[in-house]
Amino acid sequence: MNGRTVLERFPAGGPRGSWPAEEFAQARRLEGLPAEVVMDLATDMFLVVVGGGDAAGDAAA
């Protein structure tokens, strides 16, 4: 995943109106981590990731 670290995984089929991956990522951003949410299509999961390199081309959710 281009040098990124997965902090947490969330199933894509969460309850309607619920965004647990986005909420988790926002909490990490408030702690100073540059967390973002990406979609892993192979596993149908939202991943909260941090880290770097030139991973800007990854599919973000």
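Preceding this paragraph is the structure being described.
Residues numbered from 1 in each chain as written. Predicted model: local features only at pLDDT ≥ 70, side-chain atom pairs only at ≥ 80, totals over all residues. Heavy atoms only, no water.

Trainee: Please clarify how the packing of aromatic side chains should be interpreted in this entry.
Mentor: To describe a pair of aromatic rings, one takes the distance between the centres and the angle between the planes. The final tally for this structure, using the stated rule, is 1 aromatic pair. A centroid spacing of 5.7 Å and a plane angle of 55° characterise the contact between Phe10 and Phe24, whose relative ring orientation is tilted. Here Phe24 lies in helix α1 (residues 20-30) and Phe10 lies in strand β1 (residues 4-11), a separation of 14 residues in the sequence. The class for Phe10 is buried, based on a relative accessible area of 14%. Over the aromatic face of Phe24 sits the side chain of Arg28, whose NZ or CZ is 4.3 Å from the ring centroid. (Phe/Tyr/Trp six-rings, centres within 6.5 Å; stacked < 30°, edge-to-face > 60°. Helix = DSSP H or I, 4+ residues; strand = E, 2+ residues; numbered from the N terminus. Buried < 20%, exposed > 50% of the residue type's maximum accessible area, 1.4 Å probe, protein only. Lys NZ or Arg CZ within 6 Å of the ring centre and 35° of its normal.)

Trainee: Explain the nonpolar core here, please?
Mentor: Considering soluble globular proteins, one finds that nonpolar side chains tend to be buried as a cluster. In this structure, Phe10, Ala21, Ala25, Ala35, Val37, Val48 and Val50 together form the largest nonpolar core, which totals 7 residues. Mapped onto this core, the elements with two or more residues apiece are α1 and β3 (45-51). When residues no more than four places from it in sequence are discounted, the contact partners of Val50 are Arg4, Thr5, Leu7, Leu33, Pro34 and Ala35. (Core = buried A, V, L, I, M, F, W, Y, C linked by side-chain atoms within 4.5 Å. Contact = heavy atoms within 4.5 Å.)

Trainee: How do you make sense of the pairing of strand β2 (residues 36-40) when you look at a structure like this?
Mentor: Residues in a regular strand point their side chains to alternate faces of the sheet. Pairing between β2 and β3: 5 bridges, direction antiparallel. In the sheet register, Asp40 faces β3, and the bridge partner there is Met45. Between the end of β2 and the start of β3, which pair antiparallel, lie 4 residues, with Asp44 showing a positive phi angle near 55°. (Pairing = 2+ DSSP bridges.)

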